[in-house]
Amino acid sequence: MRRRLTSLSFLAFLGLGTIAFAQVTGVVNDANNFPESDVEVTVKGTNKTAITDEDGNFNIDAKVGDTLVVNGKEFKVTSTNLGTLRYSTESKDINLGEVTILGGIKLDQAQKIGSYQTVKKEDFESTPVASVDEVLNGRVAGLNFSTGGGQPGSANIIAIRGAGSFVGTTNPLYVIDGVVVGKGADNAGLMTSFNPLSSIDPNQIESVTVLKDASATALYGARGANGVIVVTTKRGKFNQKTRFNLSSDFAFQDEAFNKNKYMNAEEFVQWGGLLRYNSGLATSREEGYQQFKTYVKWDGVTDTDWRKAVQRNSSSVRTYNFSASGGGENTSFRTGFSYYDNDPLTLNSKFDRLSTSLAVDHKASDRFKMGANANFSSVKNKTYLAGGAFANPWLTQWTVRPTSPIYNADGSYNLSLGGAGAFNPVAIQKYSHIEGNISTLLASVYGTYTITKELAFDTNFGTQYQQLNESRWDNPWYGDGVNYNGRLYETNSRFLDWNWINTASFKKIFAEKHNFEAYLGMEYQEHKMNYSSAQGQDFLIPKPYLANAGTIITANSYERKWIQYSYFARLNYVFNSRLTISGQVRNDNNSTLGENNKGGWFWSAGGSYNLAKDINSSSLDNLTIRGNYGELGNIPYADSWGSVYNGVSYLGISNQYDGTKGFIISNVGNPNLRWETTKQLNLGVDFGFGNGLVSGSIDVYNKKTTKAIFPYEISYETPSPQNTSFTNIGEIKNKGIEAILTVRPFNKGDFKWSLTLNASYNKSKIGQMLDPNARYLSGFLKAIQEGKQFGEYYTYGWAGVDPTTGSALYWTDDTKTATTSNRSQAQQFFQGKTPFPVYMAGLRSDMTWKNITLSAFFSGSFDYQVYDRWQSYSLGDGSSVTYNQLSSALYDSWTPDNTDASNPKQTWGNGTNSNGASSRYLKDGDFIRLKELKIAYSFGDKLKDSGIDNLSIYLRGQNLVTWVFDKSLTFDPESNSNASTYTWQGKGVFDYTSPIMRSYSIGVSIDF
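Q: What's the story with the sheet that holds strand S51 (residues 989–990) in this structure? I'm lost.
A: The strands making up a sheet associate through backbone hydrogen bonding, with each pair oriented either parallel or antiparallel. The three strands lie next to each other as S48-S47-S51, forming an open sheet whose pairing is mixed. Sheet topology places strand S48 (922–924) and S51 at the edges, where each strand pairs with a single neighbour. With two bridges joining them, strand S47 (residues 865–868) and S51 adopt parallel strand pairing. Paired with Tyr867 across the two strands is Val989, which belongs to S51.

Q: Teacher, can you tell me more about helix H3 (residues 265–278) here?
A: Residues lying three or four places apart along an α-helix face the same way, a consequence of the helix completing one turn every 3.6 residues. The end-to-end C-alpha separation of H3 is 20 Å, in line with the 20 Å expected for 14 residues at 1.5 Å each. Among the 14 residues that make up H3, 11 are buried, leaving the element largely enclosed by the rest of the structure. Elements that come into contact with the buried residues of H3 comprise helix H4 (285–295) and helix H9 (888–891). Two or three places before Glu266, at the start of H3, stands the capping residue Asn264, its side-chain oxygen 3.2 Å from that residue's backbone nitrogen. Looking one or two residues past H3, Gly280 carries a phi angle of roughly 75°, positive in sign.

Q: It is not clear to me how the packing of H3 against H4 should be interpreted in this structure. Could you clarify?
A: In a pair of packed helices, the angle between the axes and the distance between the axes together describe the arrangement. Relative to each other, H3 and H4 sit at 115°, their axes nearing to 7 Å. Where H3 crosses over H4, the two elements pack in a sense that is right-handed. Taken together, the residues of H4 that come into contact with H3 (itself represented by Glu266, Phe268, Val269, Gln270, Gly272, Gly273, Leu274, Arg276 and Tyr277) are Arg285, Gly288, Tyr289, Gln291, Phe292 and Lys293. Considering only residue class, the contact of H3 with H4 consists of six nonpolar, five polar and four charged.

Q: Teacher, can you tell me more about the packing of aromatic side chains here?
A: The description of two aromatic rings rests on the distance between their centres and on the angle between their planes. Under the criterion given, the structure shown has 46 aromatic pairs. Between Trp498 and Tyr524, the aromatic rings sit 5.1 Å apart at their centres with planes inclined by 40°, giving tilted as the arrangement. Residue Trp498 is located in strand S26 (residues 487–510), and its partner Tyr524 is located in strand S27 (residues 514–539); the two are separated by 26 residues in the primary sequence. Residue class for Trp498 comes out partly exposed when judged on its relative accessible area of 21%. Given a relative accessible area of 22%, Tyr524 falls into the partly exposed group. Summarising the aromatic geometry, the rings of Phe990 and Tyr992 are spaced 4.7 Å apart at their centres and angled 45° between planes, so their arrangement reads as tilted. Of the two residues examined, Phe990 and Tyr992, each falls in the buried class. Members of the aromatic cluster, joined through ring pairs, are Trp398, Trp870, Tyr873, Tyr883, Phe971, Phe990 and Tyr992. Across from the ring centre of Phe238, 4.3 Å away, lies the NZ or CZ of Lys363, which sits over that ring. Above the face of the Trp798 ring, Arg920 is positioned so that its terminal group lies 4.8 Å from the ring centre.

Q: What's the story with the pattern of salt bridges in this structure? I'm lost.
A: Once their charged atoms are close, side chains differing in charge can pair, the charge on each being opposite to the other. A complete count under the given rule lists 35 salt bridges for this structure. Residue Asp846 is joined to Arg844 by a salt bridge in which the shortest nitrogen-to-oxygen separation is 3.2 Å. Connected via shared salt-bridge partners are Arg139, Arg844, Asp846, Glu932 and Arg956.

Q: Help me understand the sheet that holds strand S6 (residues 67–70), please; the structure alone is not making it clear to me.
A: Reading across from one edge, S4-S3-S6-S7 is the order of the four strands in this open sheet, with antiparallel pairing throughout. A strand with exactly one partner marks an edge of an open sheet, and here the two such strands are strand S4 (49–51) and strand S7 (73–76). For this sheet, the mean angle separating the axes of adjacent strands, direction not counted, is 25°. Note: strand S3 (residues 40–43) against S4, three bridges, orientation antiparallel. Bridge pairing in S4 links Thr42 to Thr49.

About the cut-offs
Residues numbered from 1 in each chain as written. Predicted model: local features only at pLDDT ≥ 70, side-chain atom pairs only at ≥ 80, totals over all residues. Heavy atoms only, no water. Pairing = 2+ DSSP bridges. Helix = DSSP H or I, 4+ residues; strand = E, 2+ residues; numbered from the N terminus. Expected span 1.5 Å × (residues − 1). Buried < 20%, exposed > 50% of the residue type's maximum accessible area, 1.4 Å probe, protein only. Contact = heavy atoms within 4.5 Å. Polar contact = N/O pair within 3.5 Å; in protein donor to acceptor, adjacent residues only side chain to side chain. Axes fitted to C-alpha atoms, helices over the stretch in contact; angles between N-to-C directions. Left-handed = near helix turned anticlockwise from the far one by under 90°. Nonpolar A, V, L, I, M, F, W, Y, C, P; charged D, E, K, R; others polar. Phe/Tyr/Trp six-rings, centres within 6.5 Å; stacked < 30°, edge-to-face > 60°. Lys NZ or Arg CZ within 6 Å of the ring centre and 35° of its normal. Salt bridge = Lys/Arg side-chain N within 4 Å of Asp/Glu carboxyl O.

Here's what the structure looks like:
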């Protein structure tokens, strides 16, 4: 909806009788309806100026009848409190919260028919995180987030309104300044994990809009079924003098949540003595203690804390940012520079990011406007192996015995370490490495030409180029490289994505009540990857260069490419600022699908009605009912850079026949492979009353994915590593509710307070399958079967410990009516829980008193389970005496004096297989976390005489406190595996990656 400035002039006319000078106050909001900080407000014809604060507030000497100039727009002073001034830099109209989504097409908050939510720039600025998507955690209703660990730059898993695919990533599509950049999928070749979104500096972001339903995402067609996240970076403003900002943030970090307590040396030997006694190898625990002490060659003194040996006392993050922005009547600009410097907990690891950006907008004439922006970043990431690798420093806390010293008596590294063998983690961290240098260029240019008053043409060309140079060096003395006299891997990956969008638009208002908007456009996308690798060993000179290798083992290279071209149309109709009807259709054609089904038609339609327009009540701000339905396409694997040629079969070369090279089937194509289609119905209501006292929204949705793709097993006769083919096999159903409520109990005067709550419910279920009786195993104890929950855990049911014998008990089947101590007599069954939370919530409190602000942010997830992948070793009931154990193996295991213990009888070698995979290692993940606490002080214009427009200082804490409901949960409930072979299947899996971090930071921001 748009209101013309003439309405402000009319109000000014009514107030001409008041001519006394006064302090005129107001709030400036941008086109996205967010407070606009650092905007210059002037009284026309005078030298009186004021600068808006971080909440958009300004206070200026003026009188009723004066004219204020805000970014070149004129506003008449009608009272001493002007309220909110919303403006657009593209017209003389006041816009209410528009977000550009595609080719000049905007989502207008006043004409909202779908479900989307915008996160403001203040949440991204000066945050000690490496990636944009980390900031969204808990702030968006219906968005579930989990991370591959606290390791900077790790790939994350995001699901909006539940998962919609069996394979690939559940992540939404990311669009940055009109450039489609993919889904944030892991694209590392050697590094444990790398998230391409970590190349974008969060401080450069103006806003992020999360599009959830069909009406909001339909214009993105085949890549928008999982949702779309639209990132808008900061730009300059017309008619504003050049302004500068300098900011810095320094943070200390430690582990946010880790209750795992491992044995010290004394406890470990006591546990070993208990094993021998329980197994009849010793006549008493004391005798067993002495036997085990001799077995592990413990000197009675050594007590090595291997965790402390491989990590710093604390992690530190330093950020430095500088920007300059401004503009004249026809040209505006913004340029920025930032440096992010992170020393993670693990010794010899590092994450550095250097970023620079430039955005320019130019009005060439009254008809033609154009602009360009570019963001370049250079990342250096020095990391380590993760998961089950012995070289993973986070795994060595229990794969290395505490009775083993780091160094031998002669000062050399100890290479007799129990389960880890010769993998001394201190030596490996010092002499081996995994590192990557990543360069990313993200750029776009646009042009808008107004042909007539009603007809316009928009074009936007965007590209992302990313190059990853990675290397892994296994030194010849310790760890993986010993048997090879040194080993070096090198990879080079280059990704080039570009898209070009052209849109023609027609806008016309008839009889001042009928507002028509029509759009017609096309988009072309091309995605290309080049990969090369080499491996050498037997290093004559022990330095990590392939030229020093005596033998080159392998060399490989390949190229992958896929394209998509699309045509789209959109029609909007608004009647009398009350009724809005919108529809869009899009045709997509994608090269990765089967020859018979490359094209698909996708669409959505919906409407809304603002009942507040018909209800004559001064206390009712908004009451809009809305609904929409649409069908969207999806290709789940394309952005993960697996096989992108699934529609065709082709041969490859192999040494499978006794080392003789020959051809094998490398891919079994499916010419009938077609789009996954997501059908989504959304009904919602937006409300507000009390002049801003209460506002919010409620959405109910039904989302169903049909023709979901999965690698379907096929019969074959020729020897081949391929026995599956991507096939459309089934349905995924998601139903849920989302709600957002904002209350402003104090919104005037010096003290202001607002509370915002978001909450969501989502239940996922597998619908009709190609084979209703088939069970598809998908990794990490999860399975897929018709009628079951999506990602439901599937394993043996743990029934506890027999109090009379100490034996492990299992449920015989899913009825849970009978138990057995013989694992072979038990059946695996679905456990009724998934790693996807059914309920999620976030609560934010913002208080302001004069120049002091205090904010707190809580988030929580409920009704889901998480899984410790390696606890079958670290709590192995004696299956191996070479690994350290959790202390509960000693203090909470069955003995004749402790029959109510949680763990079974500890025996040497554990012949019962009680440590095998079962629901024993599943934990309820329900938690509440204090995500952020921040206090800030702004000097405002107190330092203006010194040339400083504003100085702000703050203290911030992130992930400060975590409350878990399951007292047996000892690891972070937001963890998931970053194993490269898994995507959503790794969700909820604690894989001993770097932990999620708790941060304490201090920051300063100066405007001048």
